[in-house]
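In case you want the letters, here they are:
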Amino acid sequence: MSGDMAAPAKVLTMDTLNPCIVKMEYSVRGPLVIRATEIQKQLKEGKQFPFKEVIRCNIGDCHAMEQQYITFIRQVVACCTYPPLMETAGFPADVVARAKKLLGGCGGGSLGAYSDSSGVEVIRKDIASYITRRDGGVKANSDNIMLSTGASDGIKSILKLLRQGDGQTKTGIMIPIPQYPLYSATIAEYDMQQVGYYLNEENKWSLDSAELKRSITEARKVCNPRAIVVINPGNPTGSVLTRQNIEDIVRFANEEGLVVLADEVYQDNVYVPDREFHSFKKVMSEMGGAYAHMELASFHSVSKGYMGE
């Protein structure tokens, strides 16, 4: 009897998948990357190409590009993962002290314990101290800091909070063009409206206030813009915004009632001699008044910069 039963119809097919997932594209891991992986395998098998290696420029994977790890970080992580190493491995005293401090902030003194939803408190306090030093004394509150598994997850969490409405009330998110594809992919996944604004290539990929106004005016015909994403230093452009440029963006966001999402993960990667990094948090605070109380979510990551972890 059971042998005559027809195979059940599949629930998940390309026609029945969530249409937002079908629509989204994440090009940094798309067809070019798949082809690059194929070529790398063929090179190892001895196939001849007019080159000897493939250099991946699709993503900021520092260690894959042979950036060396920092010994201190690895030793601290090793001690936190396996505490007996603090007694047996002969690690430096500062490594042992840091590991003990971190484990002291974990439940049961173990890295395997659950943390608060916003992350281990002692780590968030250290991050707040770092931000205060970075911003020349502008105070950072550890209660306003959340840890995530990479900046991407943090960005997606904030975008998820902004999602509401349909049709002309659907949430619109302003993003730079060119951009890091995480944004366009997540906007599609969450069924929001992408609102692109174009960077000025002729002027070091700067951001023009008139272009922002053009973009949001057009967008309001089809959606409800609720946030603006700014990537500084730029990805993929490598541009570094001037302080004046940042102030212009802040004024624009305030006038238009937008949440500012500042993607600042490359803040340690500034190679332009006549530019320096200015955080949106610092600039808003120093502008004062209403600007100091605007809604801002800024993002950083240990997977970039000098750490690359």
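Not measured: the values here are computed from a predicted model. (Residues numbered from 1 in each chain as written. Predicted model: local features only at pLDDT ≥ 70, side-chain atom pairs only at ≥ 80, totals over all residues. Heavy atoms only, no water.)

## Some details on the layout of surface pockets
Rolled over the atoms, a probe with the dimensions of a water molecule shows which regions are left empty. Just so we agree on the cut-off: Detection works on a 1 Å grid of protein atoms alone, calling trapped sets that fit a 1.4 Å probe cavities and calling open sets with protein on both sides within 12 Å along at least five of seven lines pockets, with lining residues defined by an atom within 4 Å of a point. Grid points are joined across faces, edges and corners, and a volume is the space filled by probe spheres set on the points. Basically, the charged four are Asp, Glu, Lys and Arg, the nonpolar ten are Ala, Val, Leu, Ile, Met, Phe, Trp, Tyr, Cys and Pro, and anything else, Gly included, counts as polar.
Size it by volume and the second largest pocket reaches roughly 510 Å³. Around the second largest pocket sit 24 residues that line it, and Cys-57, Ile-59, Gly-60, Asn-235 and Tyr-266 are the ones nearest its centre. Among the residues forming the lining of the second largest pocket, the class breakdown is 11 nonpolar, 10 polar and three charged.

## Let's talk about the packing of aromatic side chains
Counted only if it meets this: Under the pairing criterion, centres of Phe, Tyr and Trp rings, with the six-membered ring standing for Trp, must be within 6.5 Å; the plane angle then separates stacked pairs below 30 degrees from edge-to-face pairs above 60, leaving the rest tilted. The classification of residues rests on relative accessible area computed with a 1.4 Å probe and restricted to protein chains. Under 20% of the type maximum is buried, over 50% is exposed, and intermediate values are partly exposed.
Under the criterion given, the structure shown has one aromatic pair. Relative to Phe-51, the ring of Phe-49 has its centre 5.3 Å away and its plane inclined at 25°; by these criteria the two rings are stacked. The partly exposed category is assigned to Phe-51, whose relative accessible area is 34%.

## Section: the nonpolar core
Rule in force here: Each nonpolar core is a collection of buried residues, namely Ala, Val, Leu, Ile, Met, Phe, Trp, Tyr and Cys, held together in the definition by side-chain atoms within 4.5 Å. Note on conventions: DSSP H or I runs of at least 4 residues are helices, E runs of at least 2 residues are strands, and numbering of each starts at the N terminus. Residue contacts are defined here by distance: any two heavy atoms, one from each residue, within 4.5 Å place the two residues in contact.
Of all hydrophobic cores here, the largest spans 25 residues; its most connected members are Met-174, Tyr-197, Leu-212, Ile-228, Ile-249 and Phe-280. Those elements giving two or more residues to this core turn out to be strand S2 (193-198), helix H9 (209-219), strand S3 (224-231), helix H10 (243-256), strand S4 (259-263) and helix H11 (280-287). For this core, the element with the highest residue contribution is H10, accounting for five residues. With residues near it in sequence (within four places) discarded, Phe-280 still touches Val-230, Ile-246, Ile-249, Val-250, Val-260, Ala-262, Glu-264 and Leu-296. Within the second largest apolar cluster, 21 residues are counted, among which are Leu-159, Leu-182, Val-229 and Tyr-266.

## Brief notes about empty space enclosed by the protein
The final tally for this structure, using the stated rule, is one cavity of 30 Å³ or more. Considering only enclosed or pocket space, the largest cavity measures out at about 90 Å³ in volume. As for the largest cavity, its lining consists of 14 residues, and the residues nearest its centre are Pro-176, Leu-199, Ile-231, Gly-234 and Ser-239. A class-by-class count of the residues in the lining of the largest cavity yields 10 nonpolar, four polar and no charged.

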